[in-house]
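Breakdown of the fold
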Amino acid sequence: CTGCRRGCTGLHLGWVAFSIVWRAGQGLMDSAERATLERIADALEETRQPAWVDVHSLRAWRSGDVHHVDLHLVAPRFFSVEELHRMGDTLEAAVLERAALGGETIVHFDPCRPRDCSSCAFPDCPVRSHPFAKREPFTFERATREDVPI
C-alpha cells in the first residue's frame, strides 16, 4: 500500500539522517574509532625500532579526510634533538603508511627513566640501570594508556 511505502521511506530517511549526524558529531568531539587506534598501534609495533622504548597517550581523530594522530614516545634520554627529529619523521611515515591513513602525526618525546630499562631493547645503552628482560609489545591497551608519573 502507498501508506506503508511512505512510512518505510520516512523511516529509511530518518535512519540515514541520524547516521550522518552521529558520524559528524563523533568527528567534532575528537573521538576515534577503536579500529583506527588498533591499526595505529599495530603499525607502531610492526615498524618499531630499538630506540622506541615505549608509547603512551595515543589519540587520533579525523577532520574530513585528514587523520590527526598524537602520541607520546619514550626515547633514550641521551638522544640529541636531531636524532629525535629523524625518529619522529620515520615514525610518522611508518604509521601513516602502514595504517593507511592520510594526515599528520604529532610525536611528543619523553625521556626514558630507570623503570624503562628492563623493557628497553636499545643496544649498548650508556645510561642503563637495570638489565634488559623483555620488550613489551605496542598493543592498543599499552599505546592508549596515560603516562605513569615518576
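As a reminder, the structure under discussion sits directly above these lines.
So, here's what we can say about the structure. Note that the coordinates shown come from a computational prediction; the quantities given were computed from them, not determined experimentally. (Residues numbered from 1 in each chain as written. Predicted model: local features only at pLDDT ≥ 70, side-chain atom pairs only at ≥ 80, totals over all residues. Heavy atoms only, no water.)

**Regarding the overall build of the protein chain**
Along its length, the protein chain carries four helices and three strands. When burial is assessed residue by residue, the protein chain has 35% of its 150 residues classed as buried. Here the analysis covers contacts within the protein chain between residues at least 6 apart in sequence; of these, 64% occur between residues at least 24 apart. Of the accessible surface of the protein chain, which amounts to about 9300 Å², a share of 59% is contributed by carbon and sulfur atoms. (Helix = DSSP H or I, 4+ residues; strand = E, 2+ residues; numbered from the N terminus. Buried < 20%, exposed > 50% of the residue type's maximum accessible area, 1.4 Å probe, protein only. Contact = heavy atoms within 4.5 Å. Areas by Shrake-Rupley, 256 points an atom, 1.4 Å probe, with all protein chains shown as cover.)

**Some points on the packing of helix α2 (residues 34-46) against helix α3 (residues 81-98)**
Contact geometry of α2 with α3 gives a least axis separation of 9 Å together with a crossing angle of 125°. One way to sum up the angle between α2 and α3 is to call them oblique. Considering how the two elements wind past one another, α2 and α3 form a crossing that is right-handed. Together, Ile40, Ala43, Leu44 and Glu46 of α2 and Leu91, Ala94, Val95 and Arg98 of α3 make up the contact between the two elements. Among the residues forming the contact of α2 with α3, the class breakdown is six nonpolar, no polar and two charged. (Axes fitted to C-alpha atoms, helices over the stretch in contact; angles between N-to-C directions. Parallel < 35°, antiparallel > 145°, perpendicular 65-115°, else oblique. Left-handed = near helix turned anticlockwise from the far one by under 90°. Nonpolar A, V, L, I, M, F, W, Y, C, P; charged D, E, K, R; others polar.)

**Section: empty space enclosed by the protein**
Under the defined criterion, the tally for this structure stands at one cavity of 30 Å³ or more. The volume enclosed by the largest cavity comes to roughly 50 Å³. What lines the largest cavity is simply Val53, Cys112, Asp116, Cys117, Cys120, Cys125, Val127 and Arg128. In terms of residue class, the lining of the largest cavity is made up of six nonpolar, no polar and two charged. (1 Å grid on protein atoms, 1.4 Å probe; cavity = no way out; pocket = protein on both sides within 12 Å on 5 of 7 lines; lining within 4 Å. Points joined across faces, edges and corners; volume = space filled by probe spheres on them.)

**Let's talk about the environment of Thr47**
Looking at the secondary structure, you find Thr47 in the loop between α2 and β1 (54-63). In the structure, Thr47 is positioned 44 residues away from Leu91 in sequence and 7.9 Å away in space, judged by C-alpha atoms. Those residues in contact with Thr47, other than ones at most four positions away along the chain, are Trp52, Ala94 and Arg98. Here Ala43 takes part through its backbone oxygen, which lies 2.7 Å from a polar atom of the side chain of Thr47. (Polar contact = N/O pair within 3.5 Å; in protein donor to acceptor, adjacent residues only side chain to side chain.)

**Looking at the sheet that holds strand β3 (residues 103-111)**
An order of β1-β2-β3 is seen for the three strands of this open sheet, with the pairing classed as mixed. Looking along the sheet, the strands with just one partner apiece sit at the ends: β1 and β3. Within this sheet the neighbouring strands show an average axis-to-axis angle of 15°, counted without direction. Across eight bridges, the pairing between β1 and strand β2 (residues 66-75) is antiparallel. In the sheet register, Ala60 faces β2, and the bridge partner there is Val69. Together, β2 and β3 form the strand contacts of α3, whose direction differs from that of β3 by roughly 140°. (Pairing = 2+ DSSP bridges.)

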